[in-house]
Amino acid sequence: MEELYQALGIQKEVYGFGQQFEEKLKPRFAELDKTAEYNQLKVIKAMQAHRVSAECFMGTTGYGYNDLGRDTLEEVYAACFHGEAALVRPQITCGTHALALALMSNLRPGDELLSPAGKPYDTLEEVIGIRPSKGSLAEYGVTYRQVDLLPDGSFDYGAIAASITEKTKLVAIQRSKGYQTRPTFSVAQIGELISFVKKIKPSLICMVDNCYGEFVEREEPLEAGSDMIVGSLIKNPGGGLAPIGGYIAGKKECIENAAYRLTSPGLGKEVGASLGVTQSLYQGLFLAPTVVAAALKSAIFAANIYESLGFPVIPDGSESRHDIIQAVTLNSPEALIAFCQGIQAAAPVDSHVTPEPWDMPGYDDKVIMAAGAFIQGSSIELSADGPLRPPYAAYFQGGLTWPHGKLGILMSLQKLYEAGLVNL
Ligand SMILES: *Cc1c(COP(=O)(O)O)cnc(C)c1O
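All figures in this text were calculated on a predicted structure; none of them were measured in a lab.

## Section: the overall build of the protein
Within the protein one finds 12 helices and 12 strands. Whereas a compact globule of 424 residues would reach a radius of gyration of roughly 22 Å, the protein reaches 22 Å, a difference of no more than 12%. When burial is assessed residue by residue, the protein has 56% of its 424 residues classed as buried. Counting contacts in the protein only where the partners sit at least 6 residues apart, residues at least 24 apart contribute 69% of the total.

What follows is the structure, encoded as structure tokens:
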């Protein structure tokens, strides 16, 4: 084993350093395997209940009428996530599109959208119109209100109550911290927030941005009272196999609204050919629970290694996890670049290229990105990125298998070690 690691470029010292953490983390990894086992059973149960069969993998072209595989997959998603219905489509191009669809289809002019947990994900700023943008909700007369979290990261219940008016129609809650420094919310915390706002106004639609959260816990936000959950298939629930797509699951009425907006009034869910991708959406969902466990093991392994070397990490090495993102503050541009180059060098695809910081559209600072993925932009696959500005934090996530996640992190450490940026 050690020889093979050496052949891949991991020195003895680095390998040895990593091994002690793997030993120490065994009980924690066993817990993750139990969550994966539970979620695996949940997925299989949903697939059996809806009689997934070989015919489901055929796919349709053109209008896509009577697409058995597509319709059954939506029933499977609904069952698995405890919704009445679901929309799971390759025509939903990404997570942002799924979120925009859920919002735009369930809000009408004059309604107000409330974010009770601070600033939403960057790309939603233009969807909402926080940053003026063509086609935003603001252009259609939907207003927006935001209540920031308290300094300790908890919900500001007083201010939230005061922000719910007769106009408030939809409450949007983002489960994952994304690229912010706040903690990620657990499903239980989200549930408390939802019961609070629904007590004030029972008709509110509560939408949860579930990106990076699927299968991390045993429960999903629909079980905690949300009306809609929304996510991307090139993150957790696609299991690394889905080549494209997004989903919305939840209340029948919310999903119908979304379907009429995605296609057209009058057409809704009846159209939308699945082309050749249906089988990979099923198979990806089937693999997702264990893939998410692998990503979590990788994140926890990295947190423990880098924390022990004195780098601030969020979440820390021992706290409970509610999403798959790991931030490692590397304190210098050299260390951030070395970290990302290590992740790239361990990839199964494009390991021979060296990522460099570049001026990415939409960002003020240069950004470095490492991704050697089978599916372009897939962030359930091992990937890392970070803006070249203090405190030089790398955000990394994914890992389709634990051995690959481990290799990636050891390789990142190897690059830092080679550059004399850490002492082991
Ligand atoms: C990734 C992500 C999105 C947007 O998804 P894209 O597929 O990148 O458009 C939205 N919210 C959160 C929390 C995310 O992690």
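Don't stop here, the text continues.
## Notes on unusual backbone geometry
A cis amide bond, omega -10°, links I314 with the succeeding residue P315. Within the element layout of this structure, P315 appears in the loop between β8 (313-314) and β9 (326-329). A cis amide bond, omega 5°, links P390 with the succeeding residue P391. Relative to the elements of secondary structure, P391 occurs in the loop between β11 (383-387) and β12 (393-397). Of note, the phi angle at F215 is positive, near 65°, even though the residue is not glycine. By secondary structure assignment, the location of F215 is in the loop between β5 (205-209) and β6 (228-232). Residue class for F215 comes out buried when judged on its relative accessible area of 2%. Residue N331 is not a glycine yet carries a positive backbone phi of 70°. Looking at the element boundaries, N331 is found in the loop between β9 and α11 (333-345). You can call N331 partly exposed: its relative accessible area is 48%.

## A word on the packing of α11 against helix α12 (residues 402-418)
Where α11 meets α12, the closest approach of the two axes is 7 Å, and the angle between their N-to-C directions is 140°. Relative to α12, the element α11 is oriented oblique. For the element pair α11 and α12, the recorded crossing hand is right-handed. Here A335, A338, F339, Q341, G342, I343 and A345 of α11 come into contact with α12, specifically with G408, I409, M411, S412, K415 and L416. Of the residues assigned to the contact of α11 with α12, the class counts are 8 nonpolar, 4 polar and 1 charged.

## Digging into the packing of helix α3 (residues 26-49) against helix α4 (residues 68-80)
Following both chains from N to C, one finds α3 and α4 inclined at 135°, their axes separated by 9 Å at the closest point. The pairing of α3 with α4 is recorded here as oblique in orientation. At the point where α3 passes α4, the crossing takes the right-handed sense. Residues K42, V43, A46 and M47 of α3 form the contact with α4, whose participating residues are V76, A79 and C80.

## Considerations on the pattern of salt bridges
As enumerated under the stated definition, the model contains 22 salt bridges in all. Residue K406 pairs with E22 through a salt bridge whose shortest N-O separation is 2.5 Å. Highlighted residues: K406 in helix α12 and E22 in helix α2 (residues 12-24), separated in sequence by 384 residues. Residue classification places K406 among the buried residues on the basis of a relative accessible area of 6%. Put simply, R131 and E125 hold a salt bridge, and the shortest N to O gap is 2.9 Å. Sharing partners across several salt bridges, the network here consists of K119, D122, E125, E126 and R131.

Analysis parameters
Residues numbered from 1 in each chain as written. Predicted model: local features only at pLDDT ≥ 70, side-chain atom pairs only at ≥ 80, totals over all residues. Heavy atoms only, no water. Helix = DSSP H or I, 4+ residues; strand = E, 2+ residues; numbered from the N terminus. Rg over C-alpha atoms; globule rule 2.2 N^0.38 Å. Buried < 20%, exposed > 50% of the residue type's maximum accessible area, 1.4 Å probe, protein only. Contact = heavy atoms within 4.5 Å. Axes fitted to C-alpha atoms, helices over the stretch in contact; angles between N-to-C directions. Parallel < 35°, antiparallel > 145°, perpendicular 65-115°, else oblique. Left-handed = near helix turned anticlockwise from the far one by under 90°. Nonpolar A, V, L, I, M, F, W, Y, C, P; charged D, E, K, R; others polar. Salt bridge = Lys/Arg side-chain N within 4 Å of Asp/Glu carboxyl O.

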